[in-house]
Each structure stands twice: as structure tokens, then as C-alpha cells.
Amino acid sequence: MKFFIDTANIDEIREAKELGILAGVTTNPSLVAKEGVDFHDRLREITDLVSESVSAEVIALDAETMINEGKELAAIAPNITVKVPMTPDGLKAVHAFSELGIKTNVTLVFSPVQALLAARAGATYVSPFLGRLDDIGHDGLDLIDQIAAIFETHKLPTEIIAASVRHPVHVTEAAIRGAHIATIPLKVIKQLTKHPLTDQGIEKFLADWENRK
Ligand code: E4P
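Residues numbered from 1 in each chain as written. Predicted model: local features only at pLDDT ≥ 70, side-chain atom pairs only at ≥ 80, totals over all residues.

Taking an unreviewed UniProt entry as the reference, the protein chain is identified by name as Probable transaldolase belonging to Alkalicoccobacillus porphyridii. According to the UniProt record, the Function (unreviewed entry) comment for the protein chain reads "Transaldolase is important for the balance of metabolites in the pentose-phosphate pathway." Taken verbatim from the UniProt record of the protein chain, the Catalytic activity (unreviewed entry) comment is "D-sedoheptulose 7-phosphate + D-glyceraldehyde 3-phosphate = D-erythrose 4-phosphate + beta-D-fructose 6-phosphate". (UniProt positions renumbered as here; feature names shortened; annotations may be inferred.)

Structure below.
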């Protein structure tokens, strides 16, 4: 499983990149709005920093406008992936993008059959939202199992991005259950590096070193 960062913040992207584990970036309208910057300018900054997939979401709800918006986003840099919401118009747009050779990430996926539809429409990635399902009393991770099984059975090339990741257990389980990618906020990426026994071990090694004969 690869690691993407889920943010539109350039410092956070830089910090994750320095760890040497970063394989892509996802943004969404809420994350971009938090930054208070021009969307296209920020995408240019991000794509200058990261050469792998950078997801940028369309705002339109009808297929025709989504396609126009997506073309504009894709023209910013060759590694832009157009993020499209999981709706009938979204599927139409994904199909059009796949004919044009533009990569897509179908977002706001909450059921296995939504993921299957997106894959059949030609999506490069689907993004099941784990945390938001957990929030309403479902087990978001079950959705990863179901989508992974369907994609495997039907030999679908679409990659699963575990999204709406809230804590390290989501990441471990997403990897075990067959997500290809997890898109993770920086706070959780940092949590992943930590273990109390690692800290205690370092402390002990250093104390022993100081007391060497
Ligand atoms: C994914 O691409 C989304 O940007 C993101 O994971 C949404 O997460 P949230 O539910 O924490 O907003």
C-alpha cells in the first residue's frame, strides 16, 4: 500500500515528502478553502513539489461543466488527477475523461456497488471514506474488504484509495484488507512513525552509552 497525503497545505506536503514515503496528494474543496489561496495557483505549487498523482476536485454537479472544469485542472500539470463525486453525472464525466486519457479519482464512495460503477466507467482510483462511515455507526473498513474482493474477482484495474482516514488502525487495516493507497492527514502520518517502545528503547540505549566504562 502506498501513502498519499490528504491536504492542500504546502508545508505539510513538504514535511511528508521529506520522510521519503510520499506517493501522491489528495485535496478536496474543504481542504483548499481552509488555505485561503487561489485553487489553481496552489495546484501549481503542489505539482511543482510532487511529481506523482495530485487529486484536484471539480465543483460542478453536471457532467458537461465537470468535464470543462476537469480539462482546465488537467491542463495545469500532467500529474493532475481529476477528482469527481460519485453521482450519475460524475460517472458520465469519468467516462469522458477516460476517453481523453485524463486520470480520475471518484470520491465520496460509501458502497461497494458505487465503487464497481466507478471502475466500470473507467476511474483510475476510487476513494471509499472510512471515517465518515464510522461516524454514522458503520464499519468503514468493511467497505475496503468488499471493494477489494469485487475488483479482484472481476480483474478491475482501478486502485482503491482508503480516504477519510482518522487514526493509525485505519491505515494498518486498509493495508491488510487490500487498499492500494491510503490518503492520510499529516497528523496521522506522524502518529504512524511512533511507538512508545521505540522511544523507551532509544532512551535506554543513550543512557547505557553515557554510562559506558
Ligand atoms: C479524500 O480524498 C478526502 O479528501 C478526505 O479523505 C476526506 O476526509 P474527511 O472525512 O476527514 O474530511
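Back to the write-up after that little detour.
UniProt feature "active site" (unreviewed entry): in the numbering of this structure it lies at K83. Ignoring anything within four residues of it in the chain, the contact list for K83 reads S55, A56, E57, V58, N105 and T107. (Contact = placed C-beta atoms within 7 Å.)

With that settled, consider the environment of I67. Along the polypeptide, I67 turns up in helix α4 (residues 63-74). C-beta crowding within 10 Å serves as the criterion here: with 23 such atoms nearby, I67 is assigned to the buried category. As for I67 and L197, which are separated by 130 residues in sequence, their C-alpha atoms are 51 Å apart. In this structure, I67 is in contact with A93 and A96, ignoring residues within four places of it in sequence. (Helix = DSSP H or I, 4+ residues; strand = E, 2+ residues; numbered from the N terminus. Buried ≥ 20, exposed ≤ 12 C-beta atoms within 10 Å, placed from the backbone.)

One way to put it is that α4 packs onto helix α5 (residues 88-100) with a least axis distance of 8 Å and a crossing angle of 45 degrees. Considering their axes alone, α4 and α5 lie oblique with respect to each other. When you trace α4 past α5, the crossing you get is right-handed. On the side of α4, the interface is formed by A63, M66, I67 and G70, while α5 contributes D89, G90, K92, A93, A96 and F97. Tallied by class, residues from the contact of α4 with α5 come to six nonpolar, two polar and two charged. (Axes fitted to C-alpha atoms, helices over the stretch in contact; angles between N-to-C directions. Parallel < 35°, antiparallel > 145°, perpendicular 65-115°, else oblique. Left-handed = near helix turned anticlockwise from the far one by under 90°. Nonpolar A, V, L, I, M, F, W, Y, C, P; charged D, E, K, R; others polar.)

Our focus in this paragraph is the confidence of the model for the protein chain. Per-residue confidence for the protein chain gives a mean pLDDT of 98; residues scoring 70 or more make up 100%. Of the two predicted TM-score estimates for the complex, the pTM is 0.97 and the ipTM is 0.97. (pLDDT = per-residue confidence, 0-100.)

Around the ligand, a shell composed of D6, T26, N28, T107, S127, F129, G131, R132, A163, S164 and T183 is seen. Residues that form the shell around the ligand fall into these classes: two nonpolar, seven polar and two charged. (Near = placed C-beta within 6 Å.)

Glancing now at helix α8 (residues 140-153). With 14 residues, α8 extends 21 Å from end C-alpha to end C-alpha; this agrees with the ideal 20 Å at 1.5 Å per step. Burial in α8 covers these residues: G140, L141, L143, I144, I147 and F151. On an axial view of α8, the arc spanned by its buried residues comes to 145 degrees, and they lie on one face. Opposite the buried face of α8, by more than 90 degrees, sit the exposed residues E152 and T153. Backbone geometry just downstream of α8 places K155 in the positive-phi region, at approximately 50 degrees. (Expected span 1.5 Å × (residues − 1). Arc of directions from axis to C-beta.)

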